[in-house]
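# A closer look at the structure
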Amino acid sequence: MRLLVKGQPQGREIVSVTPQSADWKFVGFAAYRLAAEERIRFDTAEREICIVVLRGVVSVQAGDHAWKEIGERDSVFDQVSPYSVYVPRRHAVTVTAHKDAEIAVCSAPGSSDLDARLIEPAMTTRSVRGRGSNTRYVCDILPQTAAADHLLVVEVVTPAGHSSSYPPHKHDTDNLPQESFLEETYYHRLNPPQGFAFQRVYTDDRALDEAMAVENHDVVMVPRGYHPVVAPHGYDSYYLNVMAGPKREWHFKNDPAHEWMLSK
């Protein structure tokens, strides 16, 4: 299953996807677990990044900018938005954990010199999407209305027994304003952690058609096609989405075969 990247149960690096490993052009994603007082350093080079504090408390130094002891969640399933930091290209970055923490590093090509900035929970937008067993809870961390070059970041919690990214939709055609081309990664978490969820990635002609059982910390890559998620009974689903493409706009097309349910 070439679209599924398994998360590591131990060690600092949980999972990593680069444009080279994914064989695409835009999206990069990595997740790290840090012990108290542990730090990680990296350079953004020619990419912009968004560091999402998934859980724990960290300090972030990005060039001349510093943010001390940010983060207030013990779990991605806490009903509060995360702290995040946007960092443009050509910056040295250090993240220091003050207690056990987990961070995500979302990236895309950088083309401008925007200011590094803190994205506080109050600056995010929380919403409820869908209804009935299609209800899920969305937090827009870095939407297209916020300053960035290519990067879009959003997290979604789907209750047990519900579907998400549903009806199936796609964004793989550069046909604005009807549809935009965006690569995407899904970083999955489950509650309780021994659970699993299902994700399918498929195209109209079924030239791509993969159904995957995803476990805690796995990543699913979506280079093209529709990509619904289902959380089975007993296990809540969380995923962090990273999207990027040639134009920083999110316009999607629903699978016509399943769009009927939106009118019910």
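Residues numbered from 1 in each chain as written. Predicted model: local features only at pLDDT ≥ 70, side-chain atom pairs only at ≥ 80, totals over all residues. Heavy atoms only, no water.

### Observations concerning the overall build of the chain
Inclusion rule: Numbering of helices and strands runs from the N terminus, with a helix taken as a DSSP run of H or I at least four residues long and a strand as a DSSP run of E at least two residues long. As defined in this context, the radius of gyration uses C-alpha atoms, and a globule is described by 2.2 Å times the residue total to the power 0.38. The buried label goes to any residue with under 20% of its type's maximum accessible area, the exposed label to any with over 50%, and the partly exposed label to all in between, with areas taken from a 1.4 Å probe on protein chains only. Here, residues are in contact when the closest pair of their heavy atoms is within 4.5 Å. Computed by Shrake-Rupley with a 1.4 Å probe, the accessible areas treat only the displayed protein chains as cover when residues are assessed. When charges are counted, Lys and Arg contribute as positive and Asp and Glu as negative, whereas His and the chain ends are disregarded. All charge positions are set by atom: Lys at NZ, Arg at CZ, Asp at CG, Glu at CD.
Summing up its helical and strand segments, the chain has one helix and 25 strands in all. In terms of overall dimensions, the chain is globule-like: its C-alpha atoms have a radius of gyration of 17 Å, near the 18 Å expected for 264 residues. Here the chain holds 264 residues, and 55% of them are scored as buried. Residue pairs in contact within the chain that sit at least 24 positions apart in sequence constitute 74% of those at least 6 positions apart. Per element, the accessible surface of the chain, about 11700 Å² overall, is 49% carbon and sulfur. Averaging the locations of the 28 positively and 35 negatively charged side chains of the chain gives two centres separated by 2 Å.

### Looking at the sheet that holds strand E7 (residues 65–70)
For the record, the criterion: Pairing between strands is defined by DSSP: at least two bridges between the two strands are required. To get an axis, fit a line to the C-alpha atoms, keeping to the stretch in contact for a helix; angles then go from 0 to 180 degrees between the N-to-C directions.
Ordered in space as E4-E9-E6-E7, the four strands form an open sheet in which the pairing is antiparallel. The open sheet has two edge strands with one neighbour each: strand E4 (39–43) and E7. Pairwise comparison of adjacent strand axes, ignoring direction, gives a mean angle of 10° for this sheet.

### So, the side chain of Ser-163
Note the following rule: N or O atoms closer than or at 3.5 Å make up a polar contact, with two conditions inside protein: a donor-capable atom paired with an acceptor-capable one, and, for residues adjacent in sequence, both atoms drawn from side chains.
Inspection of the secondary structure assignment puts Ser-163 in strand E15 (residues 163–164). Within the local environment of Ser-163, its side chain forms a polar contact with the side chain of Asn-134, the two groups lying 2.8 Å apart. Excluding residues within four positions of it along the chain, Ser-163 makes contact with Ser-133, Asn-134, Thr-135, Arg-136, Thr-158, Val-229 and Val-230.

### So, the pattern of salt bridges
Pairing of side chains with opposite charge becomes possible as their charged atoms draw close. So the rule is basically this: Whenever Lys or Arg places a side-chain nitrogen within 4 Å of a carboxyl oxygen from Asp or Glu, that contact is recorded as a salt bridge.
A full pass over the atoms with the stated rule returns 16 salt bridges. The partner of Glu-155 in a salt bridge is Arg-73, and the shortest N-O contact between them spans 2.9 Å. Remark: Arg-73 occurs in the loop between E7 and strand E8 (84–87) and Glu-155 occurs in strand E14 (residues 152–158); sequence separation between them is 82 residues. With respect to burial, Glu-155 and Arg-73 carry one shared label: buried. In this structure, Arg-189 engages Glu-102 in a salt bridge whose closest nitrogen and oxygen atoms are separated by 2.8 Å.

### Details of the side chain of Asp-149
Along the polypeptide, Asp-149 turns up in the loop between strand E13 (136–142) and E14. Here the side chain of Asp-149 touches Ser-112 through a polar contact of 2.5 Å, side chain to side chain.

### Observations concerning a nonpolar patch on the surface
Rules: Here a patch means residues that are over 30% exposed by relative accessible area and free of salt bridges, tied together within 9 Å if like-charged and within 5 Å if nonpolar (Val, Leu, Ile, Met, Phe, Trp, Tyr).
On the surface, a nonpolar cluster with roughly 250 Å² of combined accessible area is contributed by Phe-196, Phe-198 and Val-230. Looking at the secondary structure, you find Phe-196 in strand E20 (residues 196–202).

### Remarks on the sheet that holds strand E19 (residues 183–191)
The seven strands are arranged E1-E22-E19-E24-E14-E13-E12 in an open sheet whose pairing can be described as antiparallel. The open sheet has two free edges, formed respectively by strand E1 (4–5) and strand E12 (125–129), since each of these has just one partner strand.

### Re the packing of aromatic side chains
Let me state the cut-off plainly: In this scheme Phe, Tyr and Trp rings, the latter by its six-membered ring, pair at centre separations within 6.5 Å, and the angle between planes marks the pair as stacked below 30 degrees, edge-to-face above 60, and tilted otherwise. Look at NZ for Lys and CZ for Arg. If either is within 6 Å of the ring centre and within 35 degrees of the ring normal, a charge sits over the ring.
By the definition in use, this model includes seven aromatic pairs. Their ring planes at 75° and their centres at 5.4 Å tell us that Phe-196 and Phe-198 sit as a pair that is edge-to-face. Its relative accessible area of 35% is what places Phe-196 among the partly exposed residues. The ring of Tyr-86 has Arg-117 sitting right over it, with the charged end atom 4.7 Å from the ring centre.

### Points about the nonpolar core
Which entries qualify depends on this criterion: Remark: nonpolar core denotes a set of buried residues (Ala, Val, Leu, Ile, Met, Phe, Trp, Tyr, Cys) joined through side-chain atoms within 4.5 Å.
If you look at the biggest cluster of nonpolar residues, it comprises 32 residues, and the most contacted ones within it are Phe-29, Cys-50, Val-52, Cys-106, Val-153, Tyr-187 and Leu-240. Contributing elements (two or more residues each) for this core: strand E2 (13–17), strand E3 (28–34), strand E5 (47–55), strand E10 (101–109), E13, strand E22 (219–222) and strand E24 (236–244). The dominant element in this core, judged by the number of residues it contributes, is E24, at four residues. When sequence neighbours within four positions are dropped, the list of residues in contact with Val-153 reads Cys-50, Val-52, Cys-106, Asp-140, Ile-141, Leu-142, Leu-240 and Asn-241. Counting residues in each nonpolar core, the second largest holds 23 residues, with Ala-30, Val-58, Ile-103 and Leu-118 among its members.

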